[in-house]
Amino acid sequence: MTKIQAAEEENAPFQGEDISPDEDEGLIKQIVRQGSGDDKPLYDDQVTIHYVGSELDGKVFSNSRDRDEKVSFSLGKNEVIPAWDLGAATMKRGEIARFFAKPKYAYGVKGEKKYRSATSVIFEIELLDFVGKDISDEKDGSIIRRIIRRGEGRELPNEDSTVEIHLKGTYQGKIFDERTVQFVVGLGFLQQIPLGIERIIYKMLRNEKCQFILKGKALEGLDKVSISPDESIQYELTLINFERMESEELLTNKRKFERAELLKARADDLVKKGHYELAIKRYQIVSHLLSSVTFPDKDDRVKSRQVQIAAHSNIALCYMKLNDHLQCKTACDETLALDAKNEKCLFRRGQCHFLFSNFEKAIQDFEAVLKINPTNVAAQQQIEQCEQQRKEHETKQKQSYKTFFNDSSRPSLFEVDDKYEEVKKNMQEKNALKSLGLEPISLESLGIHPPKRPPNNGT
């Protein structure tokens, strides 16, 4: 019989429960001290333990208490040996238990480091604590996740995916929101979905069930409950299904156009509801998608160009609504590069020039609008306003110049020149003395003062 076979056939030196997944008596648990409460660690919880590792003859080979070093790891993520992952999952907070582990649950049949041959070992583990995982972007504790049931597959939702979820929100022990809802990722606030849940969904697999504690900014978009900044809300969430947005690299030209139409429709709806920044983001994706599309059919090319022009034009509209006139002008320029006779963008660019006090260019744009549409009353009114504002602006400039040159408190240009020459001469004298290692001596320090000028009687 080999050493490996002998090790595998060793039995636990104590009575306990077989907690091995295969029920092969490879991992036996014996409780030394009962824990408190009913809660146990869940998959991916952050677990903290003390442990003592010993061989079957009682020889201790590792003791975290002696080193005063607590050990932390993410449960079920293969960061530690299987005995620890499997064992800790059965424990309550404060519990102490002994685990007999055969090689497949310890250091493997080939051994590891000091165990160059397979061996069974015993661990005494104290479960000190366990907490959910902080999955907030800033790691500020605003989103704490615990996985109740692991999901299926490997795909995760991405932005603009359509998802179906079941959620249950609890505040101060009372359920305030329980429903099954479908929404577009990134636009959940339209369905009263808090920001934290949107962030969570990006990390969930299909059919996964999780428990979350949200607080602070993770509760943005939630109006059903009014809570103070330091309070939290608990959610239970199941991702029932989702339709993921395909990677752009996999899309045919036809599919790119279909996606562009879908995103434009969503952006149009956002504009109607006043969510301009979110609309801009989707219009920009539309423009990007269609910039690489080529169609052999003329009608398809025309449709694609029309959607692209509309996207650029609506970006300009959104920036105008946001009072970002520089970005609005840029978007108008981009639209007019595609469609030089775009009436709306000529008008908006004229408005931007007007707000920048560039009245000449503003008038040019409004006149271009009238050439396209002579009945555009607003453009004619804008031209008249530009003319009026230009005259007022010129009058103010003339008055400013007049005030400046007539200000008697200001020194004359000749006085400024005299002062400059005097200072320049003094600096030259000081620099000459310093070059000889001497400090400059003022005439005043020797009691010599320049003669006073006679008063100027105007003669």
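Residues numbered from 1 in each chain as written. Predicted model: local features only at pLDDT ≥ 70, side-chain atom pairs only at ≥ 80, totals over all residues. Heavy atoms only, no water.

## Some remarks on the packing of helix H8 (residues 325–338) against helix H9 (residues 343–355)
The line we're drawing: Simply put, an axis is a line fit to the C-alpha atoms, just over the touching stretch for a helix, and the angle between two N-to-C directions goes from 0 to 180 degrees. Only runs of H or I of at least four residues qualify as helices and only runs of E of at least two qualify as strands under DSSP, and these elements are numbered from the N terminus. Helix crossings are classified by the rotation of the near helix relative to the far one: an anticlockwise turn of less than a right angle makes the crossing left-handed, while a clockwise turn makes it right-handed. Contacts are assigned to residue pairs with any non-hydrogen atoms lying within 4.5 Å of each other. Think of it as three bins: nonpolar holds Ala, Val, Leu, Ile, Met, Phe, Trp, Tyr, Cys and Pro, charged holds Asp, Glu, Lys and Arg, and polar takes everything else, Gly as well.
Relative to each other, H8 and H9 sit at 145°, their axes nearing to 9 Å. Here the hand of the crossing between H8 and H9 comes out left-handed. On H9, the residues touching His325, Cys328, Lys329, Cys332, Asp333, Thr335 and Leu336 of H8 are Cys345, Leu346, Arg348, Arg349, Cys352, His353 and Leu355. Class assignment for the residues of the contact of H8 with H9 results in seven nonpolar, three polar and four charged.

## A closer look at H8
To keep things clear, this is the line we draw: Expected span, for any helix, means 1.5 Å times one less than how many residues it has.
With 14 residues, H8 extends 20 Å between its outermost C-alpha atoms, agreeing within 8% with the 20 Å of an ideal straight helix rising 1.5 Å per residue. For H8, the secondary structure elements touched by its buried residues are helix H7 (298–321) and H9.

## What about unusual backbone geometry?
In this structure, Asp68 is a non-glycine residue whose phi angle is positive, near 55°. Topologically, Asp68 is positioned in the loop between helix H2 (64–67) and strand E5 (71–74).

## Structural notes on the nonpolar core
Using the following cut-off: Residues belong to a common nonpolar core when they are buried Ala, Val, Leu, Ile, Met, Phe, Trp, Tyr or Cys residues joined through side-chain atoms within 4.5 Å. Each residue's exposure class comes from its accessible area (1.4 Å probe, protein chains only) as a fraction of the maximum for that residue type: buried when under 20%, exposed when over 50%, partly exposed otherwise.
Core analysis: the biggest nonpolar cluster contains 43 residues, and Ala279, Tyr283, Val286, Leu290, Cys318, Cys328 and Phe366 have the highest contact counts within it. Every element with two or more residues in this core is listed here: helix H5 (253–272), helix H6 (276–291), H7, H8, H9, helix H10 (359–372) and helix H11 (377–405). Residue contacts for Cys318: discarding those within four places in its chain leaves Val271, Tyr276, Ala279, Ile280 and Tyr283. Counting 27 residues, the second largest nonpolar core, distinct from the first, contains Ile135, Tyr171, Val181 and Leu239.

## Considering the sheet that holds strand E13 (residues 232–243)
The cut-off we apply is this: Two strands qualify as a pair provided that DSSP identifies no fewer than 2 bridges between them.
Ordered in space as E8-E9-E12-E13-E10-E11, the six strands form an open sheet in which the pairing is antiparallel. With partners counted over all chains shown, the strands left at the sheet margins are strand E8 (133–134) and strand E11 (174–184), one partner each. Relative to E13, strand E10 (residues 162–171) runs antiparallel, the two being bridged by nine bridges. Bridging from a neighbouring strand, His166 pairs with Thr238 of E13.

## A look at the environment of Asn253
Put simply, the test is: Throughout this description, a polar contact denotes any pair of N or O atoms lying within 3.5 Å of each other; where both atoms belong to protein, one of them has to be capable of donating a hydrogen while the other can accept it, and for residues adjacent in sequence the pair is counted only when both atoms sit in side chains.
Within the secondary structure, Asn253 is located in helix H5. Relative accessible area serves as the criterion here: at 25%, Asn253 is assigned to the partly exposed category. Here the alpha-carbon distance between Asn253 and Leu289, two residues 36 residues apart in the chain, equals 8.9 Å. Sequence-distant contacts of Asn253, that is, excluding residues within four places in its chain, are made with Ser292, Val293, Thr294 and Phe295. At 2.9 Å, the side chain of Asn253 forms a polar contact with the backbone oxygen of Thr294.

## What to know about H9
Between its first and last C-alpha atoms H9 spans 19 Å; for 13 residues at 1.5 Å apiece the expected length is 18 Å, and the two agree. Turning to H9, its buried residues are Cys345, Leu346, Phe347, Arg348, Gly350, Cys352, His353 and Phe354. Phi turns positive one or two residues past the end of H9, at Ser357, with a value near 60°.

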